[in-house]
Structure formats: structure tokens, C-alpha cells
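# Survey of secondary and tertiary structure
Given next are the chains, with one letter for each unit.
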Amino acid sequence: MSRIRALLVLALCVLAPQLFLSTSSSAQGIPQNIPRKELLILENPEGTIKNAGWFNIWAINAGSQSNGLQQAALDTLWYIDPESGLDGVWDNSLAADKPQYNADFTEMTAKLRKGIFWSDGVEFTADDVISTVMTQIKNPGMRFSAVLASNVASVDALDPYTVVFKLKKPNSRFHANFTVRWNAIWIMPKHVFEKVADPSKFDFNKPVSLGAYVLNSYDPDGKWYIWQLRDDWQRTTLARFGKPGPKYLAYVDPGPPDKRVIAQLNHELDVIHDIAPEGMFALAKQSKSTVAWFKGFPYGHPDPTLPAVIFNDQNEMFKNRDVRWALALLIDIKAVAMAAYRGAATISAIGVPPTGTHPATYHQPMEEWLKGFEIDTGKRTIKPYDPTVGKQIADLLRTSMGEQIPSDPKEIARAFGMGWWKPDPRVAQELLERAGYSRRNGAWLMPDGKPFTIRVMVEGDLRPVMTRAGTMIVQQWKQAGIDAKIDVAQGTLPTRRAAGDFDTFIGWSVETWGGHQDLSYFMDSWHSQFVAEPGKPQPARNWQRWASPALDKIIEQTRSVGFDDPKSIELGKDYVKLAVQEMPTIPLMAYNVFTAMDQTYWTGYPTSENPYTDPVPNWGNSRAMFVKLKPAN
């Protein structure tokens, strides 16, 4: 063999595996018999799933719901898209029309679509809706048991396609429970669950699908899940918008951020859920086929969620608002924004994300109130709000990024936020001392004399931006003499969050519709009726387990006015004021998701120029992508 030929053979031996990986589906360990040109590979941000064979989304367990289950296989009555939607923001999905309420909002009627079928051939009817409600009411502890039991007096079918809910109290937002923004109360198949002795222990494996896809296979170790387009996809609600492009969907755990970037550079991962800003910058520079929500800085999609320091308010350490406020005043938000997002963050001092319609509805109108807000430490009264913090962040970035950073105050506020709280260790000390805490040899002690120790739970590599924010906050609290520690939860955070197994964590309990000013999406779930006892699973989304009679009153008043009524905005402002005064969580910033999409195999992803839905792949609304995606070749 000649030397040149030998070198060619050696080169082929080295390059062949890489060439194979770029054209097959085996790169993520998923079956190799699926043509890559028919397969869309998406990241499941929940990582490797501990209880991989669990598909019963209605029962709280360690299974996954972002493995394609809620995106591809499930359905419910309505959707509200955080962006423009396929045909407007509001979508009547399993319902044929918008919810119909009586005059005092004690009754809601849902008209259902005809001709929708489960994947096993059984028709979807009102019986499925009724079974979804009653099964969870009869089995306390299931995911939606509390909200349904506390709201529903009775639910009946007038005919196979008309459901009437009679409510225990007026609630003009009851439909929100069956309206997908990220998820919702998904409809369960009556003909399957009625045969189960204990629905809370049933794994629902193999799941019967109501969506356009059905489970093809999954990794018993929880690394990947594959969904296949139903042969009868025309008998699903997604068919109204056309045939989905991908025949197969693979939701995978691609590993830590660096491996996600490498996988996309090698065209082995079509949609990255989220990466650190540096990873996005690297892809933007090195990959000609990668697109993001924005073409340039800040790249990321601004989700209508509000990352915050979430206290476990049932913990004795955090029951006193003076302690919560003291911890807030020991945070320098500029350092947190730079650490988390390299400055590409939009800060918020109030409990509403600074995205969508909210800056004009809440942030700007509340600015004067925030400037005048005062805290009494017992020794003096101070005004903690600094309206210039957003500008300070912009000024920090301008030294290195120049003209990319706006100088117009309105554009600065839009990009980086308005104001936040001034770091003030002296005021924090006075608040802690009034709460009975003391400082000895530079370290803070609790009223019982034990060290003031706080665990800050983060997700590690699964959500690097939040992890870096938490790490910076821990450093700042340590510098103030608090024994603060990072608690890396990785894929167990959702389970521990629901169980209350944390002191604090970096995440969110505030989620809004985004394109709609109403705050009920999260605020209704903060009612004290949904707060679990210590040690019991907490229903979404009041992870801080905060109970407030004043907030209950605001929520109950909101339930008595229409979804689009301007009065709901005024009640939302009342909530904002109360949340500032009590500080049940410490709001930080909007959550900018650096979702990266590779166009090697698929085109038509949602972007700011074509905003038909949120690109983040674990959202239930992301099903809209499937009908818009087309093969690249």
C-alpha cells in the first residue's frame, strides 16, 4: 500500500465516525434506525430522568413532563401563546369556543370540539374532562387536586360536547387552569384511568396520546424519549394548522453546556433549550447554521418569568419580613446581572417580569410609588429604591461593548430594566437585630444562638445562568457574615421544590401570560388555600409557601372581575405593593433563555422576526413549531 493511500485510509478511519454522527440519529444514543432527515432532536432541560417510565403527569412523581409528554402527546381546552400564536394569541384547542361564564362567575361552560380522537381510537368527549376533574378531587395529593377541589362544586355534561362547571365561589379566572401558557391541567383518558385502582400510583406507560404524536420508544435510563407522528394526526387539534414537519421528535439529555454547544456544532442537537451567554456567543461566532430569537445581542428569548430568591417562608428563619428585607439589601443586583448574564439581563424590583406588556402596565406606572417607598428599621426610616440601577448596568457594559449598548433612557430601561434596591449593610444589620439576630466575631447568629446558615439551591449545569446568580448572591451574603452555601440540585430541583426541601432557591414562582396584563396565571395559585402543610407536596406555583390574608383578599377580588377588565390591573398593582412591603421572594430579573436552533435539517423556527410562538422547547406551546418546521433539503 502506498504512503498516500495509507494516509487516506487512516483519515477515513478517523473521520468516518464524525461523518456518521452528522447524518444519523445515534449521536445522542437514540436508535439508529430513524432517518435523521425525519427527526427533530430537542433538549429536555430536565436532564436525565430518574423514573424514566413514569408518564402519569397528573400524579406528582419523579417522572418527566418536558420529555415531549406535554409538548407532543397531551392537550387541553385552551392555549394562550406568549408570542403572536399561529392564529392569534388565544387558541381554542379541545374547546370549540372561549369559556362562557354566568353573570356572577360561579358557573363556567366549555363547548368541546367534535371529531378529536385518542391515539387508541377512542373519541374525546365531555366524559374525559369530567373524569380529569373528579379523579383528582377524589385522590388528594395528585398534581391538580388542590386547585380543583377548592374551586369545583360540581361538573356535569349537558351533552357529549358540553361541560358545565359549577364553582364554590366566584372565579372569573377558573379557565386559566385549563389554559396552556407553559402547561395546564391536561385532559386524561377516562377509558384508561377508570380501570386503575389507584390513579396516583399508575405509571401510564405506554401513554395514550391526545396530541399529534405518540410514544415510539424511550431509554430506560432516562437519557432520551422518541415520539412518532400519529398516522391519524388529522384527528387531533394541531391538524387545524397543517401537517407537522418532523415525523419523529427526540427529547434528549445532551449533557452540560459545553457538550450542548459541541453537539449543535456537529449538527447532532437541533434545538438547545438554554445555554450560558458564552455558549450562545460561541455558536453565533462559529456556526453559520445556528439561529437564535434575536440575530444579535442579547440573542435570548425573554420569557415572561421572574427569577428570584425563593424563600421557604414556612422556615422559621424567613417568617419575619425584616429578615427577608435584610437579605435583599445585602444583594448588589449589578454584580448578579453581570455574573448571571454577562449583563444581558433585565432587572426588576417588583414581582412582575419586565417583559411583554408589563413594563407599560406595571413597571412604569409604579416607579413614583417605588421612589417614595420607605422602610422603618426601628432606628430610622430609609428609602431603599434606586431608580438608576438599570442605567448603571448599561454604563458598565458600554465600556467594552460600545455602540451595542443604547444611550436613550427608554431603550436602556427596555433592555436592562429600571431601578432596584440599594445595597445597604447597615440597614440590613438594623433589620436583623430587630428580628432578634446578633453578630459575634463577624458572624451572624439566629435568635436561638445557632449560626445563621442558608442553603441556596440551584440547578447546576442544567441552568447555568441561575446557578451563577445564586453563586454570586451566596458570596455577597458570606461577605456580610452569613453562613451561606450553594446547594446544587441538578435534576432533582423540581421534586425538592415541590416537597419544600430547601431553605432558598434561585428560580421563579411568578409566571405571567406575557402578552396579557392579567396576573392570575401565578397570582391565583398564591392563595393561602393552596399552601401545603410543612412536609407535604406544594401545588404549583407558590413554592415559597407564603400565606397572606391581604393577598387572599386581592385574589378573591380579582376572581370577581372579568379576564379583560381594566380593574384587574389596579388589583395587580395592589399585589405589587404588598409584595414589595412583605418581600416573600426577592425578585431579580427577567429570564432570558438562550435557545439556539440549528437549520442544518430543519428551517422555520420562531424568531423575533417570525414570532409565531416561544422557541423554548419544553413549553406546551412549542407544539406550534412542529407545523411550521420544514426539511432544510
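For the structure itself, look to the data block above.
Report follows, based on the coordinates. Worth saying up front: this structure is predicted, and the values here are computed from it rather than measured. (Residues numbered from 1 in each chain as written. Predicted model: local features only at pLDDT ≥ 70, side-chain atom pairs only at ≥ 80, totals over all residues. Heavy atoms only, no water.)

### A closer look at the pattern of salt bridges
Condition: A pairing counts as a salt bridge when a side-chain nitrogen of Lys or Arg comes within 4 Å of a carboxyl oxygen of Asp or Glu. Secondary structure elements are defined from DSSP: runs of H or I of at least 4 residues count as helices, runs of E of at least 2 residues count as strands, and each element is numbered from the N terminus. Only protein chains enter the calculation, and the probe is 1.4 Å; a residue is then buried if its accessible area is under 20% of its type maximum, exposed if over 50%, and partly exposed in between.
Applying the stated criterion across every chain yields a total of 33 salt bridges. Linking aspartate 91 and arginine 623 is a salt bridge whose minimum nitrogen-to-oxygen distance equals 3.4 Å. Here arginine 623 lies in helix H19 (residues 623-628) and aspartate 91 lies in strand E3 (residues 90-92), a separation of 532 residues in the sequence. Just as aspartate 91 is buried, arginine 623 falls in that class too. For glutamate 316, the salt bridge identified is with lysine 319, shortest N-O distance 2.9 Å. Judged by relative accessible area, glutamate 316 falls into the exposed class, the value being 60%. Where salt bridges share partners, they join Arg455, Asp487, Arg496, Asp501 and Asp503 into one cluster.

### Details of the side chain of serine 622
Note the following rule: For the purposes of these results, a polar contact is taken to be a pair of N or O atoms within 3.5 Å, where, inside protein, one atom must be able to donate a hydrogen and its partner to accept one; residues adjacent in sequence count only when each atom of the pair is a side-chain atom. Only heavy atoms matter for contacts: two residues are in contact if any of them lie within 4.5 Å across the pair.
You can see serine 622 is positioned in the loop between strand E28 (602-603) and H19. Note on serine 622: relative accessible area 1%, which makes it buried. Here the side chain of serine 622 touches proline 617 through a polar contact of 3.4 Å, landing on its backbone oxygen. Only 2.6 Å separates the side chain of serine 622 from the backbone oxygen of tryptophan 619, close enough to count as a polar contact. Excluding its chain neighbours within four sequence positions, the residues that come into contact with serine 622 are Gln71, Asp614, Val616 and Pro617.

### Observations concerning the packing of helix H9 (residues 333-341) against helix H14 (residues 464-479)
Threshold: Angles run from 0 to 180 degrees between N-to-C directions of axes, and those axes are lines fitted to C-alpha atoms, restricted for helices to the stretch in contact. Handedness of a helix crossing follows the sense of rotation of the near helix relative to the far helix, less than a right angle counterclockwise being left-handed and clockwise being right-handed. Under the convention adopted here, Pro, Cys and the residues Ala, Val, Leu, Ile, Met, Phe, Trp and Tyr are nonpolar, Asp, Glu, Lys and Arg are charged, and Gly plus all remaining residues are polar.
Closest axis-to-axis distance for the H9/H14 pair is 7 Å, and the angle between their directions is 145 degrees. Remark: the crossing between H9 and H14 carries right-handed chirality. Residues Ala335, Val336, Ala339, Ala340 and Tyr341 of H9 touch H14, and the partners they reach there are Val465, Met466, Arg468, Ala469, Met472, Ile473 and Gln476. Each residue belonging to the contact of H9 with H14 can be placed in one class, and the counts come to ten nonpolar, one polar and one charged.

### Description of the pairing of strand E11 (residues 248-252)
The side chains of a regular strand alternate between the sheet's two faces. The cut-off we apply is this: When DSSP finds at least two bridges between two strands, those strands are taken to pair.
Counting buried positions along E11 gives five out of five residues, so the element sits mostly inside the fold. Every second residue of E11 is oriented toward a common face, with Tyr248, Ala250 and Val252 on one face and Leu249 and Tyr251 on the other, all of them buried. In the sheet, strand E1 (residues 39-43) pairs with E11 via five bridges, with the strands oriented parallel. Residue isoleucine 41 lies in a different strand from E11, and its bridge partner there is alanine 250.

### Some thoughts on unusual backbone geometry
Geometrically, the link from asparagine 205 to lysine 206 is a cis peptide bond, its omega value of 15 degrees lying close to zero. Its location among the elements puts lysine 206 in the loop between helix H5 (190-193) and strand E9 (213-218). Along the chain, alanine 540 connects to arginine 541 via a cis peptide bond; the corresponding omega equals 10 degrees. Note that arginine 541 resides in the loop between helix H16 (520-523) and helix H17 (549-559). The backbone of histidine 267 sits at a positive phi, close to 65 degrees, despite the residue not being glycine.

### Considering the nonpolar core
What counts is decided by this rule: In this text, buried Ala, Val, Leu, Ile, Met, Phe, Trp, Tyr and Cys residues form a nonpolar core when linked through side-chain atoms within 4.5 Å.
With 114 residues, the main nonpolar core has Trp421, Phe452, Trp477 and Tyr575 as its most contacted residues. Considering every element that reaches this core, the biggest residue donor is helix H18 (residues 567-582), with seven residues. Those residues in contact with tryptophan 421 that sit more than four places away from it in its chain are Trp325, Leu329, Ile331, Ala349, Leu370, Phe373, Pro384, Tyr385, Val580 and Met583. One finds Ile57, Leu77, Met188 and Val208 within the second-largest nonpolar core, a separate group that totals 73 residues.

### Focus on the sheet that holds strand E7 (residues 162-167)
Strand order across the open sheet formed by four strands is E4-E5-E7-E6, with antiparallel pairing between neighbours. Of all strands in the sheet, those with a lone pairing partner are strand E4 (100-101) and strand E6 (152-159), marking the two edges. Where strand E5 (residues 107-111) lies against E7, five bridges are found, and the strand directions are antiparallel. Bridge pairing links lysine 111 to threonine 162 in E7. The sheet contacts of helix H3 (residues 126-138) involve E6 and E7, and relative to E6 the element is tilted by about 165 degrees.

### Topic: H17
Our working rule: To obtain the arc, one takes the directions from the helix axis to the C-beta atoms.
Every buried residue of H17 is accounted for by Leu551, Asp552, Ile554, Ile555, Thr558 and Arg559. One side of H17 carries all its buried residues, which in axial view fall inside an arc of 165 degrees. Pointing more than 90 degrees away from the buried face of H17 are the exposed residues Pro549 and Lys553. Looking at the buried positions of H17, the neighbouring elements they touch are H16 and H18.

Interpretation in functional terms is not warranted from these geometric data alone.
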